[in-house]
Amino acid sequence: MLQIVTSLTSSRDRTEAALVYLTSAVAKRGISYSTVDLSGTIGYHSPPPQLVQSCSDSGWLNPSSITEADWMDAYLPKIEGPGPVLFSAQFSPDVVFHARQSVRCKRRYPHIVTAIGGCALTGLSAEQLEFTSRFFDLVFVGYEVDKALDWLMGQKEGSSARRPVLFSDGPPDIEPDYSLVELRSGVTVYSGHGCYYARCRFCDYPSRSNRHVFYRSPQKVATDLRQVADLNPRVSDITLTQDAYSEKQLRETAAAVAMEGPEVPYHVMFRAEPWVNRDLAKTLAASGCTEVFIGAEALDDRILNVLGKGVTTNHIVKALRALSGYVHVTVGLVLFVPGVEERWLHSQEKTLASVIDIVDEIEPEILTVVNGSEFANSARKYGIRLYADDHWVNDSWCFGLSQDIPWTFENSDSLGLWLEHCDKLKDLCVGRSRGEYWERINRVRERIMK
Ligand code: SF4
């Protein structure tokens, strides 16, 4: 019997699309399976302290950090063999814990076949994937679940010495059957993947091997929402996943959902493009969309330019004005951008003050420099020092199996500028941002003061 092991970091009150697609693909083939649900076992924002390791620690990309980490076993149930095991990894801590679980399975059942897939693998470097492959028989990167199953079910016990990394670049090759999983109050529904813009300097998208842009049929998305609503009327929140909606796909999806009329509130995220207007806001609201996340990243044209965001402050402000009043609007900001000047930050404060009343929530995130991004590839050019072991702005975690690279500024004056700016932003965002964001910024401050 095949065992599907879920992500440990996924939320206990949300049903992830990845699990729905996996179980649907397995059931379609008539493979008998069971699910080991580990969701909520560890908090993404409060991981076990052992996982948080500096890049100068001995456990960094060291196999013994996983093979000898007995402490992890307290978080992991025993998996009964000898059938194959398929691990689903949403975030980097999942990769580490699943690797440990795979090691345990193989100690107990030396011929067991194990595979790992999921979005946590997408952003890993070749070196990290090679390292991960030491613990599994298959590392699967991509969406075509059937390809992974072909390989996995084709393996006979003991025939899995190759340890390959398998890439796929197409969309999922099956339709999801939500009746196969427990539907919780929140559900994610896959609406496509890939980004038509693909030029943000902080994003790994430009260097991904898989840059196929796929928009799922709006009718199929609407049918999924109907399916979810019919199966569990108590579902109160659906997230439509899509890296970057085009105007056409967004409008057609909203129209299809409105026609289907499932009456489950849903939320989406999209870029603050010039096409975001009041008519779109009305269309979204009429279809049941209640929340929109806009990854604005900055509210000053010069900072947006450093980030390579491809929209202007005017576009963002216009989009926020259009959406306000129709949907709950959350704005993502990226803090600690390199190469900024004090006057740019002052201008950002002024713009934020001018729109704060029409924004429901702000998510101020510290910049993460990720594998494959322009910031990582040409760090010096942007004033970024990678793998810093002192005064780091963002350190990595998970023994080097995270997509994030520890970094700090080349010019330490930038730190002082940003910390001062963060104090002002925090005052502006009172009642509109969660405390955990500011706590993270305080930890940066504390490290620097040491
Ligand atoms: S951050 Fe978003 S919009 Fe920018 S390149 Fe990445 S996926 Fe595209």
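The text that follows walks through the structure, step by step, so that each part is easy to find.

Cut-off values and rules
Residues numbered from 1 in each chain as written. Predicted model: local features only at pLDDT ≥ 70, side-chain atom pairs only at ≥ 80, totals over all residues. Helix = DSSP H or I, 4+ residues; strand = E, 2+ residues; numbered from the N terminus. Rg over C-alpha atoms; globule rule 2.2 N^0.38 Å. Contact = placed C-beta atoms within 7 Å. Pairing = 2+ DSSP bridges. Right-handed = clockwise from strand over helix to strand, strands pointing away. Near = placed C-beta within 6 Å. Nonpolar A, V, L, I, M, F, W, Y, C, P; charged D, E, K, R; others polar. Buried ≥ 20, exposed ≤ 12 C-beta atoms within 10 Å, placed from the backbone. Axes fitted to C-alpha atoms, helices over the stretch in contact; angles between N-to-C directions. Parallel < 35°, antiparallel > 145°, perpendicular 65-115°, else oblique. Left-handed = near helix turned anticlockwise from the far one by under 90°. Expected span 1.5 Å × (residues − 1). Arc of directions from axis to C-beta.

**Here's the deal with the overall build of the protein chain**
Now for step 1: Across its full length, the protein chain holds 15 helices and 19 strands.
Now for step 2: Scaling as 2.2 N^0.38, a compact globule of 450 residues should have a C-alpha radius of gyration of about 22 Å, and the protein chain matches this with 22 Å.
Now for step 3: Seen along its three principal axes, the alpha-carbon backbone of the protein chain occupies a region of about 65 × 55 × 35 Å.
Now for step 4: Residue pairs in contact within the protein chain that sit at least 24 positions apart in sequence constitute 80% of those at least 6 positions apart.

**Regarding the pairing of strand β11 (residues 237-241)**
Now for step 1: Inspection of the sheet shows strand β8 (residues 186-190) paired to β11 by five bridges, in the parallel sense. Bridging across to β11, T188 finds its partner in T239.
Now for step 2: The pairing of β11 with strand β12 (residues 266-270) spans two bridges and is parallel. Its bridge partner lying in β12, T239 is registered against H267.
Now for step 3: Between the parallel pair β11 and β12, the chain is carried across by helix α8 (residues 247-260), and the sense of this crossover is right-handed.

**Concerning the sheet that holds strand β2 (residues 14-15)**
Now for step 1: Taken together, the seven strands give an open sheet; going across it, the order is β2-β8-β11-β12-β13-β14-β15, and neighbouring strands pair in parallel fashion. Because the sheet does not close on itself, it has two edges, and the strands there are β2 and β15 (361-366).
Now for step 2: Across six bridges, the pairing between strand β14 (residues 328-335) and β15 is parallel. Paired with V334 across the bridge in β15 is E365.

**Quick word on the site of the ligand**
Now for step 1: The ligand sits among C195, Y197, A198, R199, C200, C203, Y205, D243, A244 and R271.
Now for step 2: Among the residues making up the shell around the ligand, the classes are represented as seven nonpolar, no polar and three charged.

**Let's talk about unusual backbone geometry**
Now for step 1: One non-glycine residue, A198, adopts positive backbone phi at about 60°.
Now for step 2: Along the chain, A198 falls in the loop between β9 (192-193) and β10 (214-215).
Now for step 3: A198 gets classed as partly exposed once you count the C-beta atoms within 10 Å, which come to 16.
Now for step 4: In this structure, Y387 is a non-glycine residue whose phi angle is positive, near 50°.
Now for step 5: Locating Y387 in the fold gives a position in the loop between β17 (384-386) and β18 (404-405).

**Here we look at the pairing of β14**
Now for step 1: Among the eight residues in β14, six count as buried, and that is most of the element.
Now for step 2: One ladder, built from five bridges, connects strand β13 (residues 289-297) with β14; its direction is parallel. What sits directly across from E291, in β14, is H328.
Now for step 3: Chirality of the crossover, the property in question, places the unit of β14, helix α12 (residues 342-355) and β15 among those that are right-handed.

**Digging into the sheet that holds strand β1 (residues 2-5)**
Now for step 1: Reading across the sheet, the six strands line up as β3-β1-β4-β5-β6-β7 and stay open at both edges, with parallel pairing between neighbours. Only two strands of the sheet have a single partner each, and these edge strands are β3 (33-36) and β7 (165-167). When strand polarity is set aside, the average angle formed by the axes of neighbouring strands in this sheet is 20°.
Now for step 2: Note: β1 against strand β4 (residues 85-88), three bridges, orientation parallel. Counted as the bridge partner of V5 is F87 from β4.
Now for step 3: Against the sheet, helix α6 (residues 145-154) makes contact with β4, β5 (114-117), β6 (138-141) and β7, and its axis sits at roughly 170° relative to β6, the strand it touches most.

**Re the packing of helix α1 (residues 17-28) against α6**
Now for step 1: Between α1 and α6, the least distance of the axes is 10 Å, while the angle of their chain directions is 55°. The angle between the axes of α1 and α6 places the two elements in the oblique class. Helix-helix and strand crossings are classified by hand; for α1 and α6 the assignment is right-handed. Of the residues in α6, those touching α1 at Y21, L22, A25 and V26 are V145, D146 and L149.
Now for step 2: Of the residues assigned to the contact of α1 with α6, the class counts are six nonpolar, no polar and one charged.

**Some details on helix α14 (residues 413-428)**
Now for step 1: For α14, spanning 16 residues, the distance from its first C-alpha to its last is 23 Å, which sits close to the expected 22 Å at 1.5 Å a residue.
Now for step 2: Residues of α14 that are buried include every one of S414, W418, C422 and L425, and no others. Seen from one end, α14 has its buried residues packed into an arc of 75°, which puts them on one side. Set apart from the buried face of α14 by more than 90 degrees, the exposed residues are D413, G416, E420, D423 and D427.
Now for step 3: Buried positions along α14 lie against β14, α12, β15, β19 (407-409) and α15 (435-449).

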